[in-house]
Amino acid sequence: MIHPTAIIDPAARLGEGVEVGPFSIVHADVELGDGSVVGSHCELGHPAAAGDVGPLRIGSGALIRSHNVVYAGSTFGDGLQTGHQVTIREGIEAAEGLRVGTLGDLQGDATFGRHVRLHSNVNIGRGSRIAEFVWIFPYVVLTNDPHPPSDGFHAGVTIERFAVVATSSVVFPGVTIGEGSLVGAQSLVRDDVPPGMIYSGNPGKVLAPAKRLLLSDRSGPAYPWRRHFHRGYPDDVVQGWIAEFAKPGS
Amino acid sequence: MIHPTAIIDPAARLGEGVEVGPFSIVHADVELGDGSVVGSHCELGHPAAAGDVGPLRIGSGALIRSHNVVYAGSTFGDGLQTGHQVTIREGIEAAEGLRVGTLGDLQGDATFGRHVRLHSNVNIGRGSRIAEFVWIFPYVVLTNDPHPPSDGFHAGVTIERFAVVATSSVVFPGVTIGEGSLVGAQSLVRDDVPPGMIYSGNPGKVLAPAKRLLLSDRSGPAYPWRRHFHRGYPDDVVQGWIAEFAKPGS
Amino acid sequence: MIHPTAIIDPAARLGEGVEVGPFSIVHADVELGDGSVVGSHCELGHPAAAGDVGPLRIGSGALIRSHNVVYAGSTFGDGLQTGHQVTIREGIEAAEGLRVGTLGDLQGDATFGRHVRLHSNVNIGRGSRIAEFVWIFPYVVLTNDPHPPSDGFHAGVTIERFAVVATSSVVFPGVTIGEGSLVGAQSLVRDDVPPGMIYSGNPGKVLAPAKRLLLSDRSGPAYPWRRHFHRGYPDDVVQGWIAEFAKPGS
C-alpha cells in the first residue's frame, strides 16, 4: 500500500506489493523491487549535487525504515535493510543482504559484498571497499583523507571478508583489514591488519591470532565467528559454513 | 492541539491537553499522558519486528521533540523528555524523568531508574540496566556482545545510581559501574568500576576516589555531584540531598 | 518553489527564489535570504525552551538539506550549507560559508568565523568559539563542563583559524587549539595546543610541528593546508593564500 500522503513520482518503478509510508517521497529515477517496504518520512532518489548520477536501484524485499535519505546513483541487491535516520549518498554498489543500522552515514562511492552488517551510526567514507560478511559496529569511522583537508590523495579503507571492526574504532586511509580479523573497540587502526589477527589499542597493534579468543562458555573459539553464529544468513550460506567446520582438523 | 496533518489512530489513548505536531504519526496502541507534547515528523508506537510487543505507554507531561521514532512495547514514567532524531526500540522500562538527548539510540530491552540523563547521541545496547540519577554523555556506547557477532552470550551493562560516564567512552559487556563513580572521557571500560572511584584511559583503569576532584573554584569536591548540582530535579529529591550533606562529617 | 505540503507561517520573510521542500515547516520569525533552498521534512525557527530568543536569520544562497531542525535565535551568513538530519539550537552566530555535515549537533551559544567546515556528526557544546577556516571531522566533541554535571563552571572550547581536529577526538572544556594546528584522530585534548603543532593520543600530547608532515606524493608539506587545498573557497580568499605562499622563503 502506498500511503495517501506519500509523494511518488509517476516515473518511479515500484515492484509488486511495494509499500510506502506516510510523508515519504520517491523521486522519478527510482526502482524498488517487489515486496519492498519504505517507512515514514523518507526521501528516496534524492538528487546528487554532482548532477545526473543515474538511477537508484533497490532489489526486492527491501526494508527501509523511517527518516531515511537515499540518493540517486546507487545499486543495492535484494534484501536491503536499513534502520532509522540513515543517509546514503550516491555511488554505492551493494550486493544482496546489506544491513545499515540507525543513523548510518554512507558518504557514497563505496562497494559492499554480500550480507555486510553495519550496526548503528557507522560512518563510511568514500572509496571504502567492504567485502562479504563483514561486521562494523557503532561509531566506527572509515576515513579516506591522509592529510585532511587534501585533494587528490584520498585512499579508501578495504575490509576483507568475515572481518569485524568493533565499536568506536577509527581506520586510517588506505588501510586493509584482513580476512577474518578482529579490530577491538576504540582502536586507532593506522596499519594493515593481517588476516585472522586481533588488532587493538590507541595507537593500535596486532595482538594475537583471533582464533585464540574463546566463547564465554569456553565451548570453542569465538573466531572465525561463522563457526557458531548463523542468525540471519541464507540457508545455503549457513550449510556451507557448517560443512567447512565439520571437516576433520578444522 | 493536534495538528491537522498529524495522523492519529482513533484507538490511540491521548490524555488531556496532548499536543501533536505536523506530519507526526501516532499508532493505535499508544497511551500518552496528560499534557504531553509531541513535535513534528515523529512516529510513536512503531510496530516491532518481533510482532505484538504490547503498548507504548508514556506518562504525563512528556516532551518528545521532532523526528523521533518510538516503538511499541515500552513504558515511560512521567516527565519524559527527548531531543530530536531519537530512536527508541521496544522493551524499555523507564521510571519518571528520563531525558534522552538528540540522536539517542536506545536499542530496546533496557531499564532506567528515576531521572536518568542521557546527553546527545548515546548508544544503549540491549540488556542495559541503568539506575536512578545516572548521567551518560555523547557518543558513549553500552555494549552487550563479548565476542561480536555471537548468540546466547550477551550481557548488558549495569550502571549504579549517581554514576557518570563521560563522552566517547565504551563500556564492555557485563561490566558494572559502581554507585557515584566517574568514567573519564574516551575511556575503554573493560572491568567493573568500584563505587565512588574515577576510572579512565584506553585501556582504562581505576585512578583515585572521585571525591578528590575539586570544583573549578576549589569551593569543594566535584563529586558526589548531588552535593552541588540540583538543576532540574524535583524539590523533594533536592531537599533530601541537601539534608544528606548538611550532616556533620558528610 | 514552495512545495504545497510545506507549512510556511505568513510572517516568515522568504527572499527571492527561495525553495522549500515537501513536509517542511517554517515558523514566523524566520528570515531566509535570496536563493536559499530548504529540503524536505525540515523545521526552521523551532521555538526555544528559553522563550523568545529572537529571529532565525539565514543569509542568501543557503542549502539546508532534509530533516534539519534549526531553532530560532541564531544568525548565519551567506552560503550556509547543512547535511541531513542536523540539529542547531539557539544562540549561534556564524559568518559566511559555514558547512555543517549530516547528523551535526550544534547545541547553541557558539560562534563560527568564515568558511568553517564541520564534517558529519560533530557535537559542538555551548560556549565554543571557532575561528575562520577551521575543519572539524566526524564524532568530534567540543565539551564545556569540567566536572559533569556542574553549574556555573562551564567553559567552551576555542579553536583558532586554519586548525584541524581529526575524527573522534574529544576536546576538554576551556582548551584553546592554536592557529593552524592539527589534532590527530581519536585524541583526548586536555591541554592547550600551541599554534602550528601536531597534538595526538589518549592521553594526548604535542608531537611535532605540523609543517613536518609531507603530502603523500612528497611534493611538499601537508600543513598549512591552505598552501595546497583550495576547493570550495571564494576566489579572493584563494588568491590571498596563493600570494602568501608565493613569497620567497614561505
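As a starting point, this report considers the structure included with it. Because the structure is predicted, anything quoted here is derived from the model rather than measured.

## Focus on the overall build of chain A
Okay, so step 1: Helices and strands together make up the secondary structure of chain A, namely one helix and 30 strands.
Okay, so step 2: Compactness check: chain A gives a C-alpha radius of gyration of 19 Å against a globular reference of 18 Å for 250 residues, within 12% of the reference.
Okay, so step 3: Projected onto its principal axes, the C-alpha coordinates of chain A cover approximately 55 × 45 × 25 Å.
Okay, so step 4: Looking at chain A as a whole, 58% of its 250 residues qualify as buried.
Okay, so step 5: Taking contacts inside chain A between residues at least 6 apart in sequence as the whole, the part at least 24 apart equals 21%.
Okay, so step 6: When the accessible surface of chain A is summed, it comes to about 8900 Å², and 53% of that surface belongs to carbon and sulfur atoms.
Okay, so step 7: Treating the 19 positive side-chain charges of chain A as one cloud and the 25 negative ones as another, the clouds have centres 12 Å apart.

## What about the interface of chain A and chain C?
Okay, so step 1: Chain A puts 42 residues into the contact, and the matching count from chain C is 38 residues.
Okay, so step 2: Buried area between chain A and chain C, both sides added, is near 2900 Å², and the carbon and sulfur share of it is 58%.
Okay, so step 3: Of all residues in chain A, His147, Pro149 and Phe153 of chain A give up the largest surface area on contact with chain C, accounting jointly for 22% of the area buried on that side.
Okay, so step 4: Counting across the interface, chain A meets chain C through one salt bridge.
Okay, so step 5: We note a salt bridge from Arg231 of chain C to Asp151 of chain A, for which the minimum N-O separation is 2.9 Å.
Okay, so step 6: At the level of elements, β7 (43-46) and β10 (69-71) of chain A are the ones that each hand at least two residues to the side of chain A that touches chain C.
Okay, so step 7: For the side of chain A that touches chain C, the class distribution of residues is 19 nonpolar, 19 polar and four charged.

## Brief notes about the relation of the copies chain A and chain B
Okay, so step 1: For the pair chain A and chain B, the relating rotation is 120°, the translation along its axis is 0.0 Å, and the fit reaches an RMSD of 0.0 Å. Such values leave the two copies arranged in the relation of a three-fold axis.

## Here's the deal with the pairing of strand β29 (residues 197-201) of chain B
Residue and element names in this part refer to chain B.
Okay, so step 1: The pairing of strand β27 (residues 182-183) with β29 spans two bridges and is parallel. The residue of β29 that forms the bridge with Val183 is Tyr199.
Okay, so step 2: Across five bridges, β29 lies against strand β30 (residues 204-209) in antiparallel orientation. For Ser200, the partnering residue across the bridge sits in β30 and is Lys205.
Okay, so step 3: Linking two consecutive strands that pair antiparallel, namely β29 and β30, is a turn of two residues.

## Overview of the sheet that holds strand β17 (residues 110-112) of chain B
All names here are of chain B.
Okay, so step 1: What the nine strands build is an open sheet, ordered β2-β5-β8-β11-β14-β17-β20-β23-β26; its pairing is parallel. Looking at which strands have only one partner, the edges of the open sheet turn out to be β2 (13-14) and β26 (176-177).
Okay, so step 2: Here three bridges tie strand β14 (residues 92-94) to β17, and the two strands are oriented parallel to one another. Across the sheet, residue Ala94 finds its bridge partner in β17, namely Phe112.

## Looking at the interface of chain A and chain B
Okay, so step 1: Between chain A and chain B, the residue contacts involve 38 residues of the former and 42 residues of the latter.
Okay, so step 2: Between chain A and chain B, the buried area comes to about 2900 Å², and carbon and sulfur atoms account for 58% of it.
Okay, so step 3: Summed over the three residues of chain A that lose the most area to chain B, namely Phe23, Tyr139 and Gln186 of chain A, the buried surface amounts to 21% of that side.
Okay, so step 4: Where chain A touches chain B, the interface holds one salt bridge.
Okay, so step 5: Taken together, the connections running from chain A to chain B amount to 15 residue pairs in polar contact (both at pLDDT 80 or more).

## A short note on a negative patch on the surface
Residue and element names in this part refer to chain A.
Okay, so step 1: Side chains of Asp78, Glu96, Asp235 and Asp236 sit close together on the surface and give a patch of like negative charge.
Okay, so step 2: Here Asp78 shows up in the loop between β11 (74-76) and β12 (81-82).
Okay, so step 3: Of the residues examined, Asp78 reaches a relative accessible area of 43% and is grouped as partly exposed.

## Looking at the pattern of salt bridges
Okay, so step 1: Scanning all chains against the criterion turns up 30 salt bridges over all chains.
Okay, so step 2: Salt-bridge contacts for Arg13 of chain C lead to Asp29 of chain C; the nearest nitrogen and oxygen are separated by 2.8 Å. One end of the pair, Arg13 of chain C, is in strand β2 (residues 13-14); the other, Asp29 of chain C, is in the loop between β4 (25-26) and β5 (30-32), and 16 residues separate them in sequence.
Okay, so step 3: Given a relative accessible area of 37%, Arg13 of chain C falls into the partly exposed group.
Okay, so step 4: Here the salt bridges share partners, and the residues they tie into one network are Arg13, Asp29, Glu31 and Arg57 of chain A.

## Observations regarding the state of the cysteines
Okay, so step 1: If you walk through the whole model with that rule in mind, you get zero disulfides over all chains.
Okay, so step 2: The closest cysteine sulfur to the non-disulfide-bonded Cys42 of chain B is located on Cys42 of chain C, 15 Å from its own sulfur.
Okay, so step 3: The buried category is assigned to Cys42 of chain C, whose relative accessible area is 0%.

## Overview of the sheet that holds strand β1 (residues 7-8) of chain A
Residues and elements named next belong to chain A.
Okay, so step 1: Read across the open sheet, the ten strands follow the order β1-β4-β7-β10-β13-β16-β19-β22-β25-β28; overall the sheet is parallel. Looking at strand neighbours, the two that pair on one side only are β1 and β28 (188-189), the edges of this open sheet.
Okay, so step 2: Of the pairings in the sheet, the one linking β1 to strand β4 (residues 25-26) comprises two bridges and is parallel in character. Counterpart to Ile7 in the pairing with β4 is Ile25.

## Some points on the environment of Val237 of chain C
Okay, so step 1: Tracing the backbone shows Val237 of chain C in helix α1 (residues 235-246).
Okay, so step 2: In this structure the C-alpha to C-alpha distance between Val237 of chain C and Arg226 of chain C, which are eleven residues apart in sequence, comes to 9.9 Å.

## Structural notes on helix α1 (residues 235-246) of chain B
Residues and elements named next belong to chain B.
Okay, so step 1: Relative to the 16 Å expected for twelve residues at 1.5 Å per residue, α1 spans 16 Å between its end C-alpha atoms, a close match to the ideal helical length.
Okay, so step 2: Buried residues of α1: Val237, Val238, Trp241 and Phe245, and no others. Axial view of α1: buried residues confined to an arc of 95°, hence all on one face. Away from its buried face by more than 90 degrees, α1 exposes Asp235, Asp236 and Ala246.

## Section: the side chain of Thr143 of chain B
Okay, so step 1: The residue Thr143 of chain B is located in the loop between β22 (141-142) and β23 (158-159) in this model.
Okay, so step 2: In this structure the side chain of Thr143 of chain B is engaged in a polar contact, spanning 2.7 Å, whose partner is the backbone oxygen of Val171 of chain B.
Okay, so step 3: With near-sequence residues (within four places) excluded, Thr143 of chain B lies in contact with Thr167 of chain A together with Ala155, Gly156, Val157, Val170, Val171, Phe172 and Pro173 of chain B.

## Let's talk about the environment of Ser120 of chain A
Okay, so step 1: Assignment of secondary structure puts Ser120 of chain A in the loop between β18 (117-118) and β19 (123-124).
Okay, so step 2: For the pair Ser120 of chain A and Val37 of chain A, spaced 83 residues apart in sequence, the C-alpha to C-alpha distance is 20 Å.
Okay, so step 3: Beyond its immediate chain neighbours, meaning those up to four positions away, Ser120 of chain A contacts Gly101, Thr102, Phe137, Pro138 and Tyr139 of chain A together with Asp105, Gln107 and Asn123 of chain B.
Okay, so step 4: Within the structure, Ser120 of chain A has its side chain in polar contact with the side chain of Asp105 of chain B (distance 2.6 Å).

## Description of unusual backbone geometry
Okay, so step 1: Following Tyr223 of chain A, the chain continues into Pro224 of chain A via a peptide bond in cis, with omega recorded as 0°.
Okay, so step 2: In this fold, Pro224 of chain A is placed in the loop between β30 (204-209) and α1 (235-246).
Okay, so step 3: Residue Pro203 of chain C follows Asn202 of chain C across a cis peptide bond; omega there is 0°.
Okay, so step 4: Phi is positive for Gln186 of chain B, which is not a glycine, with a value near 60°.
Okay, so step 5: Here Gln186 of chain B is to be found in the loop between β27 and β28 (188-189).

Analysis parameters
Residues numbered from 1 in each chain as written. Chains lettered and ligands numbered in written order. Predicted model: local features only at pLDDT ≥ 70, side-chain atom pairs only at ≥ 80, totals over all residues. Heavy atoms only, no water. Helix = DSSP H or I, 4+ residues; strand = E, 2+ residues; numbered from the N terminus. Rg over C-alpha atoms; globule rule 2.2 N^0.38 Å. Buried < 20%, exposed > 50% of the residue type's maximum accessible area, 1.4 Å probe, protein only. Contact = heavy atoms within 4.5 Å. Areas by Shrake-Rupley, 256 points an atom, 1.4 Å probe, with all protein chains shown as cover. Lys, Arg positive; Asp, Glu negative; His and termini not counted. Charge placed at Lys NZ, Arg CZ, Asp CG, Glu CD. Buried area = accessible area lost by both parts, 1.4 Å probe. Salt bridge = Lys/Arg side-chain N within 4 Å of Asp/Glu carboxyl O. Nonpolar A, V, L, I, M, F, W, Y, C, P; charged D, E, K, R; others polar. Least-squares fit on C-alpha atoms with pLDDT ≥ 70 in both. Pairing = 2+ DSSP bridges. Polar contact = N/O pair within 3.5 Å; in protein donor to acceptor, adjacent residues only side chain to side chain. Patch = residues over 30% accessible without salt bridge, like charges linked within 9 Å, V, L, I, M, F, W, Y side chains within 5 Å. Disulfide = S-S within 2.5 Å. Expected span 1.5 Å × (residues − 1). Arc of directions from axis to C-beta.

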